[in-house]
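So you can see what is in the structure, the chains are spelled out below.
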Amino acid sequence: MTRAVLSLGSNLGDRLAHLSSAVSAFGDSVLLVSGVYETPPWGDAEQPAYLNAVLLAEDPAATPYDWLERARAAERAAGRTRDPRRRFGPRTLDVDVVAVWADGDEPVLSDDPELTLPHPRAHLRAFVLRPWIDIQPYGRLPGHGWLTDLLNTGPAADDALDLRPRPDLTIESTA
């Protein structure tokens, strides 16, 4: 049994529809979906604002690499193209595997460049931490600590001030 936290982001086209399509792509494995947040671009300020959310999914047969392949398939379905010259550029959909747990609560750790777990920059990103807190208020990022501590006193604290909750926008899970 594996459980995964995945971060969703979109800043091109119908941003909410892209986030919704990602949730739909994970189908019955989706347990919870966070609220939607609007955030300024991260890493490259010369682009539109993002909508971000986080989902928690579970699948008894999925490996960490299965979660990665599902994430990439959702991105492809949303028309994601990667510009190798612009690492943090605009995108129709970005789905990151943030953390995976196997056999209950045992975090999966990986330093594979293809799939580093937990995500190596999740603790720096308020747009990951804040929505994750929506669905797991007492959650912990493996190797980094409590989500609330990371968001309120860690390196992501300054960026947290720029997050804007969007209660007018909701993503429905099909599960």
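Fair warning: this is a prediction, and the values are worked out from it, not measured in the lab.

**A short note on the overall build of the chain**
Moving on, step 1. Secondary structure assignment for the chain yields five helices and 11 strands.
Moving on, step 2. A globule of 175 residues ought to have a C-alpha radius of gyration of about 16 Å, and the chain, at 15 Å, matches this closely.
Moving on, step 3. For the chain, the spread of C-alpha atoms along the three principal axes comes to 40 × 35 × 35 Å.
Moving on, step 4. For the chain, with 175 residues in total, the buried portion stands at 49%.
Moving on, step 5. Contacts in the chain between residues far apart in sequence, at least 24 positions, make up 69% of those at least 6 positions apart.

**Notes on empty space enclosed by the protein**
Over the atoms, a rolling probe the size of a water molecule traces out where space has been left empty.
Moving on, step 1. Under the definition given, this model contains one cavity of 30 Å³ or more.
Moving on, step 2. Roughly 30 Å³ of internal volume is contained in the largest cavity.
Moving on, step 3. As for the largest cavity, its lining consists of S7, D96, V98, H119, A122, R125, F127 and V128.
Moving on, step 4. Put simply, the parts of the chain that give the lining of the largest cavity at least two residues each are β5 (94–102) and α3 (126–135).
Moving on, step 5. Split by residue class, the lining of the largest cavity holds four nonpolar, two polar and two charged.

**So, the side chain of D59**
Moving on, step 1. For D59, the position within the fold is in strand β4 (residues 50–59).
Moving on, step 2. A distance of 2.8 Å separates the side chain of D59 from the backbone nitrogen of A61, its partner in a polar contact.

**Thoughts on the pairing of strand β1 (residues 2–10)**
Moving on, step 1. The buried fraction of β1 is high, at nine of nine residues.
Moving on, step 2. Across the two faces of β1 the burial is the same, with T2, A4, L6, L8 and S10 and R3, V5, S7 and G9 all buried.
Moving on, step 3. Of the strand pairs in this sheet, β1 and β4 are connected by nine bridges, and their pairing is antiparallel. The residue bridging S10 from the neighbouring strand is L51, located in β4.
Moving on, step 4. Relative to β5, β1 is paired through eight bridges, and the arrangement is antiparallel.

**Focus on the side chain of N11**
Moving on, step 1. Position of N11 among the secondary structure elements: in the loop between β1 and α1 (15–26).
Moving on, step 2. Take N11: its relative accessible area is 3%, and that puts it in the buried class.
Moving on, step 3. There is a polar contact of 2.9 Å between the side chain of N11 and the backbone oxygen of P48.
Moving on, step 4. One polar contact links the side chain of N11 to the main-chain amide nitrogen of R91, over a distance of 2.8 Å.
Moving on, step 5. If we ignore the near neighbours within four places in the chain, the residues touching N11 are Q47, P48, A49, Y50, P90 and R91.

**Some details on the nonpolar core**
Moving on, step 1. The biggest cluster of nonpolar side chains holds 29 residues, and the ones touching the most others in it are L6, W67, V95 and V97.
Moving on, step 2. Contributions of two or more residues to this core are made by β1, α1, β4, α2 (64–77), β5 and β8 (115–117).
Moving on, step 3. Excluding its chain neighbours within four sequence positions, the residues that come into contact with L6 are F26, A53, V54, L55, A57, W67, A71, V95, D96, V97 and V98.
Moving on, step 4. By size, the runner-up hydrophobic cluster in this structure holds 21 residues, among which are Y37, V98, A126 and F127.

Rules used in this analysis
- All residue numbers refer to positions counted from 1 along the written sequence of the respective chain.
- A pLDDT threshold of at least 70 governs which residues receive local features in this predicted model, and a stricter bar of 80 or more applies before side-chain atom pairs are shown or counted, although totals over entire chains, interfaces and linings include all residues.
- Excluding hydrogens and water, the side-chain figures rest on all heavy atoms present in the structure.
- What counts as a helix is a DSSP run of H or I of at least four residues, what counts as a strand is a run of E of at least two, and both are numbered from the N terminus.
- Every radius of gyration here is taken over C-alpha atoms, with the globule rule written as 2.2 Å times N^0.38, N being the number of residues.
- The buried label goes to any residue with under 20% of its type's maximum accessible area, the exposed label to any with over 50%, and the partly exposed label to all in between, with areas taken from a 1.4 Å probe on protein chains only.
- Residue contacts follow a heavy-atom distance rule, with two residues in contact if any of their heavy atoms lie within 4.5 Å.
- Definitions used for this entry: grid spacing 1 Å over protein atoms alone; cavity, a set of points where a 1.4 Å probe fits but cannot get out; pocket, an open set with protein on both sides within 12 Å along at least 5 of 7 lines; lining residue, one with an atom within 4 Å of a point.
- Grid points are joined across faces, edges and corners, and a volume is the space filled by probe spheres set on the points.
- Polar here means any residue other than Ala, Val, Leu, Ile, Met, Phe, Trp, Tyr, Cys and Pro, which are nonpolar, and Asp, Glu, Lys and Arg, which are charged; Gly is therefore polar.
- Here a polar contact is taken to be a pair of N or O atoms separated by no more than 3.5 Å, where protein atoms must pair a possible hydrogen donor with a possible acceptor and residues adjacent in sequence count only if both atoms sit in side chains.
- Pairing between strands requires that DSSP locate at least two bridges from one strand to the other.
- The term nonpolar core refers to a set of buried residues drawn from Ala, Val, Leu, Ile, Met, Phe, Trp, Tyr and Cys, joined through side-chain atoms within 4.5 Å.

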